Amino acid sequence: MSDTIQLSDDLIIGTGRDRICYEHPTIKDQCIKISISSHKQSRREVRYFSFLNRKKVDLSHISTFLGKVKTNQGAGFCFELVRNTDENISLTLREILEKQIFSLKDIQPKLEYLKEYLISNGICIRDISPSNIICQNTAKGINLIVIDGIGNSNINPLTIRLPRLINSAIIKAWKSLDRKLARIEESLNRTDS
């Protein structure tokens, strides 16, 4: 961490419960996550990415950790920034659905693929929401990428290492995702009628 990266409000991509995500001002395929209060979530993710990298896990559908930087907003954690083929920043699943670019029915096969990808690669997720999944528009179609919620805040380290516990966490998180998606769809149906 040498030079201080200057972040401003016009670089904000999104704000979550625990962190603010900025577009990197000089590296177009990176974003910087800044913790709002504690760095606990970022540190947990960094440890988990280190574990996944040692195991040589396929991370093709995960926005991966790229390093730590010093910013004018405090310590920053760099991650891959997902862009469409046209170089625009990809929208979240929530945005795609709310703007009615695609319907839930259109995206459902991609969601099933993403779930199977997580299970087959043993990637534990603790919080999968429509705002934590990016819909990358490519020449080959839509590619779903998880950008947040990787790992598990459970104290027991086995929850991110044992396949049965990982699968259980994914299934539980997926039920929560399905409920959130159903609420978005209900809201859109009310608006249309």
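Our subject in this report is the structure included herewith. (Residues numbered from 1 in each chain as written. Predicted model: local features only at pLDDT ≥ 70, side-chain atom pairs only at ≥ 80, totals over all residues. Heavy atoms only, no water.)

Focus on the overall build of the protein
Broken down by element type, the protein carries four helices and nine strands. Counting helices and strands in the order they occur from the N terminus, the protein gives β-β-β-β-α-β-β-β-α-α-β-β-α. Relative to the compact-globule value of 16 Å for 193 residues, the protein shows a C-alpha radius of gyration of 17 Å, a close match. With respect to the three principal axes, the spread of C-alpha positions in the protein is 55 × 40 × 30 Å. Taken over 193 residues, the protein has a buried fraction of 45%. Within the protein, contacts between residues separated by at least 24 positions form 61% of all contacts whose residues are at least 6 apart in sequence. One finds the centroid of the 29 positive side-chain charges in the protein at a distance of 10 Å from the centroid of its 22 negative side-chain charges. (Helix = DSSP H or I, 4+ residues; strand = E, 2+ residues; numbered from the N terminus. Rg over C-alpha atoms; globule rule 2.2 N^0.38 Å. Buried < 20%, exposed > 50% of the residue type's maximum accessible area, 1.4 Å probe, protein only. Contact = heavy atoms within 4.5 Å. Lys, Arg positive; Asp, Glu negative; His and termini not counted. Charge placed at Lys NZ, Arg CZ, Asp CG, Glu CD.)

Details of the environment of S129
Within the secondary structure, S129 is located in the loop between α3 (104-121) and β8 (133-138). Residue classification places S129 among the buried residues on the basis of a relative accessible area of 11%. A sequence separation of 18 residues divides S129 from L111, and the C-alpha atoms of the two residues are 12 Å apart. Residue contacts for S129: discarding those within four places in its chain leaves L177 and K180.

Comments concerning the pattern of salt bridges
Once their charged atoms are close, side chains differing in charge can pair, the charge on each being opposite to the other. Overall, the coordinates contain eight salt bridges when judged by the stated rule. Between E45 and R19 there is a salt bridge, and its shortest N-O distance comes to 3.1 Å. Of the two residues, E45 sits in helix α1 (residues 40-54) while R19 sits in strand β3 (residues 19-23), which places them 26 residues apart along the sequence. Here E45 falls in the buried class, since its relative accessible area comes to 2%. Of the charged contacts in the structure, one is a salt bridge between R83 and E23, with a shortest N-O distance of 2.8 Å. Highlighted residues: R83 in the loop between β6 (74-80) and β7 (91-92) and E23 in strand β3, separated in sequence by 60 residues. Here E23 falls in the partly exposed class, since its relative accessible area comes to 23%. (Salt bridge = Lys/Arg side-chain N within 4 Å of Asp/Glu carboxyl O.)

Quick word on the environment of L162
Examined against the element boundaries, L162 turns out to sit in the loop between β9 (141-146) and α4 (163-192). Residue class for L162 comes out partly exposed when judged on its relative accessible area of 38%. The spatial distance from the C-alpha of L162 to the C-alpha of G122 is 8.3 Å, given a sequence separation of 40 residues.

Overview of the sheet that holds strand β4 (residues 30-35)
Spatial ordering of the open sheet is given by β1-β5-β6-β4-β3-β2, a layout of six strands whose pairing is mixed. The open sheet is flanked by β1 (4-5) and β2 (12-15), the only strands paired with a single partner. Running at roughly 40° to β6, α1 makes contact with β3, β4, β5 (65-71) and β6 of the sheet. (Pairing = 2+ DSSP bridges. Axes fitted to C-alpha atoms, helices over the stretch in contact; angles between N-to-C directions.)

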